[in-house]
Amino acid sequence: MLAIEVEFLTGRYVAAQHDDRDAAEWPPHPARLFSALVAEWGAAPEPAEAEATLLRELEKLGPPLLVAEEAQHRGTVTHYVPVNDTSLVGSKLWSRWEKAEQAHATLAEPGATARVRAKASRDLAKAKDVTSLITGTPTGQTAELLPEHRPKQARTFPSVTLTPGPDGRCTVTFQWPDAHLAGAERLALDGLLSRVTRLGHTSSLVTCRALAIDGTEPSYRPAARMLATHRLRTVSEGQFEALVGEHHRHRGSSPRSLPSTITPYTIERLGAQKPPSAATSGTWVTYEAAPRLSGRALANLTGAVRAAIESSVSAEDSAAVHEVLVVGLPNVGHPYATGDLLGVAALIPRDSSRADRDAALRGIGRGLGDVAAVPVGATCVEVTRRTAPDLATLTRERWSGPATTWFTATPLVVAGHPARRLSNAGFNAWTAGWIAESCHRAGLPTPVDVAVSLDPLLAGARPVRAYPRVAHEGRVRRLVHARIAFPSPVLGPVLVGGGRHAGFGLLFPGKDDRA
């Protein structure tokens, strides 16, 4: 294994996203670390060929795994700072530097005549005489060189505050499990890492070191595009030469864009001990719906999306796609919730084999792609793939908890019936017992308390009477809302009861006791 540990000495990471200069980047992108290594190589008085060879080898390793704790994003404030180069000196200074470069190149040509070489020597001497830039300049203009008189420019410094680890240090580790470096390569890497003092902005002070073994479980790993929660800039073969070429173009002055490869990543929860989870807590693929529909259209929306997926699969993939749950995502759980369906999620069960999971992802990709139009009654609904949703309702985290108390966001289908006729109180007690058994069958702990109601128990959820009748196994079944309390925190997403393939029985984690 090869692992590079980056310790943030101030506990802060200051770097802007490449596509949003006002938003902080987290986690640090692998391409940014590689660029820092290349910059230190190029800053040496005589760049070492051994280090250049190492960098060409590193770019072939592929996207790394990342170990990074969660970070708190700080509010972004606009600052007005003096520019580094004033119009009085800045452009003229760079012009002198370019003339000096041309003079050096002329003097290095073996076929240059004495007259040409003499002129190049005069040009070089003149270019080096930078004092002439301000000699004789009126005092009022020379004052512009002082910071208090320079023009100011709006700047933002988006940053995150890192969470210290058990040892009190704030670190991020990049892992390549299958990579191994020879002795000379390791020495070259250690030399480069020892010279890296910042990552991102100059205020992001770091110290770096290489680790031969790192047993920490990664929190970010490369993933299929359909599963991506993040899109990080990584490196590929040719990155070193591309960076050197870019530097020759911008000379450290002109606007530049970091050459890189965009790689989809997925985030995994840190920690060895995870709460129990339902069989439905598998792969989650989110689509936003427009226009938004009322909760009454739940079965029609999920049915139309399922039909679009199943219509595109081959015979050998049909069994795997049949196990996919299509879940409507209602706007619930806050004081201003409306209960409208903001989107859908295709959920592949946790226990699916890798082959079945891949087959299901192929079906979802072919049936829906990035954008698809599905008929829902007389309405044509456009569903759009969202890898990093702006709406909280469409994020997996919104429905994952962990929590001990869960509420139905959509009513669950009671796919059973008592052996004899019961009073309303008796039927509610029987229903609570049936729900507890349904949770046990779903791989969850047996609940310690279950409350049922025909009215919603969660803000924004729609009452049972707002939904059409649901038939299950040839019989019309009863719909109920429920509050389910488990003896310990449970990790979602959780669906219980009948009709789960149509999105019924989706539970929302209680806010007061989320772990």
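Heads up: these notes are all about the structure in this document.

Calculation notes
Residues numbered from 1 in each chain as written. Predicted model: local features only at pLDDT ≥ 70, side-chain atom pairs only at ≥ 80, totals over all residues. Heavy atoms only, no water. Helix = DSSP H or I, 4+ residues; strand = E, 2+ residues; numbered from the N terminus. Buried < 20%, exposed > 50% of the residue type's maximum accessible area, 1.4 Å probe, protein only. Contact = heavy atoms within 4.5 Å. Areas by Shrake-Rupley, 256 points an atom, 1.4 Å probe, with all protein chains shown as cover. Phe/Tyr/Trp six-rings, centres within 6.5 Å; stacked < 30°, edge-to-face > 60°. Lys NZ or Arg CZ within 6 Å of the ring centre and 35° of its normal. Salt bridge = Lys/Arg side-chain N within 4 Å of Asp/Glu carboxyl O. Core = buried A, V, L, I, M, F, W, Y, C linked by side-chain atoms within 4.5 Å. Axes fitted to C-alpha atoms, helices over the stretch in contact; angles between N-to-C directions. Parallel < 35°, antiparallel > 145°, perpendicular 65-115°, else oblique. Left-handed = near helix turned anticlockwise from the far one by under 90°. Nonpolar A, V, L, I, M, F, W, Y, C, P; charged D, E, K, R; others polar. Pairing = 2+ DSSP bridges. Expected span 1.5 Å × (residues − 1). Arc of directions from axis to C-beta.

### Digging into the overall build of the protein chain
Next, step 1: Regarding its fold elements, the protein chain presents eleven helices and 25 strands.
Next, step 2: The burial tally for the protein chain puts 44% of its 515 residues in the buried class.
Next, step 3: Restricting the contact set of the protein chain to residue pairs at least 6 apart, pairs at least 24 apart contribute 79%.
Next, step 4: For the protein chain, the accessible area works out to roughly 25,900 Å², and carbon and sulfur atoms hold 52% of it.

### Notes on the packing of aromatic side chains
Next, step 1: The tally for this structure, following the rule as stated, stands at six aromatic pairs.
Next, step 2: On the basis of an interplanar angle of 85° and a centroid distance of 5.5 Å, the ring pair of Trp399 and Phe508 is categorised as edge-to-face. Placement of Trp399 in the loop between strand S19 (379-385) and strand S20 (403-408) and of Phe508 in strand S25 (residues 507-509) is noted, with a sequence separation of 109 residues between them.
Next, step 3: Given a relative accessible area of 2%, Phe508 falls into the buried group.
Next, step 4: Clustering of aromatic rings is evident, with ring pairs tying together Phe8, Tyr13 and Trp26.
Next, step 5: Stacked on the ring of Trp434, the Lys or Arg Arg441 has its end atom at 5.8 Å from the ring centre.

### A few points about the pattern of salt bridges
Next, step 1: Tallying each qualifying case throughout the model produces 16 salt bridges.
Next, step 2: As a salt-bridge pair, Asp123 and Lys119 come within 3.1 Å of each other at their nearest N and O atoms. In this pair, Asp123 and Lys119 are both assigned in helix H4 (residues 114-128), four residues apart and thus about one turn of the helix distant.
Next, step 3: The exposure class of Lys119 is partly exposed, given its relative accessible area of 46%.
Next, step 4: Among the salt bridges present, the one from Arg357 reaches Asp358, with a minimum N-O distance of 3.6 Å.
Next, step 5: A residue is classified by how much of its surface remains accessible, and Arg357, at 21% relative accessible area, is partly exposed.
Next, step 6: What emerges from the salt-bridge pattern is a single network uniting Glu5, Glu7, Arg169 and Arg209.

### Some thoughts on the environment of Gly367
Next, step 1: Examined against the element boundaries, Gly367 turns out to sit in helix H10 (residues 354-368).
Next, step 2: Since its relative accessible area comes to 19%, Gly367 is described here as buried.
Next, step 3: C-alpha of Gly367 to C-alpha of Arg306: the two residues are 61 residues apart in sequence and 8.8 Å apart in space.
Next, step 4: Among residues more than four places away in sequence, those in contact with Gly367 are Ala308, Ile309, Ser312 and Ala372.

### Section: the nonpolar core
Next, step 1: Counting residues in hydrophobic clusters, the biggest one holds 44 residues, and the most contacted among them are Val6, Phe8, Trp26 and Leu55.
Next, step 2: Of all the elements, helix H1 (residues 30-43) adds the most residues to this core, at seven residues.
Next, step 3: Counting 34 residues, the second-largest nonpolar core is a separate cluster that includes Leu298, Ala304, Val413 and Phe504.

### Considerations on the packing of H1 against helix H2 (residues 49-58)
Next, step 1: Where H1 contacts H2, the two axes come as close as 10 Å, and the packing angle between them is 165°. Comparing the axis directions of H1 and H2 gives the class roughly antiparallel. For the pair H1 and H2, the crossing hand works out as left-handed. In contact with Phe34, Leu37, Val38 and Trp41 of H1, H2 contributes Glu51, Ala52, Leu55 and Leu58.
Next, step 2: Within the contact of H1 with H2, the residues separate by chemical class into seven nonpolar, no polar and one charged.

### Quick look at the pairing of strand S4 (residues 20-24)
On a regular strand, each side chain points to the face opposite its neighbour's, so the side chains alternate between the two faces of the sheet.
Next, step 1: Pairing of strand S3 (residues 16-17) with S4, which is carried by two bridges, proceeds in the antiparallel orientation. Among the inter-strand pairings, Gln17 is bridged to a residue of S4, identified as Asp20.
Next, step 2: Between S3 and S4, which pair antiparallel one after the other, the connecting turn spans two residues.

### Notes on the environment of Leu479
Next, step 1: Locating Leu479 in the fold gives a position in strand S24 (residues 475-490).
Next, step 2: With relative accessibility at 7%, the residue Leu479 sits in the buried group.
Next, step 3: Taking the C-alpha atoms as reference points, Leu479 and Leu454, separated by 25 residues in sequence, lie 7.6 Å from one another.
Next, step 4: Ignoring sequence-local partners within four residues, the contact set of Leu479 consists of Pro411, Leu412, Val413, Leu454, Val464, Tyr467, Pro468, Val470 and Phe504.

### Notes on H4
Next, step 1: With 15 residues, H4 extends 21 Å from end C-alpha to end C-alpha; this agrees with the ideal 21 Å at 1.5 Å per step.
Next, step 2: By the burial criterion, the buried members of H4 are Ala120, Leu124 and Ala127. Down the axis of H4, the buried side of the element spans an arc of 65°, and every buried residue falls inside it. Relative to its buried face, H4 has exposed residues pointing more than 90 degrees away, namely Ala114, Arg115, Arg122 and Lys126.

Nothing here speaks to function; it is all geometry.
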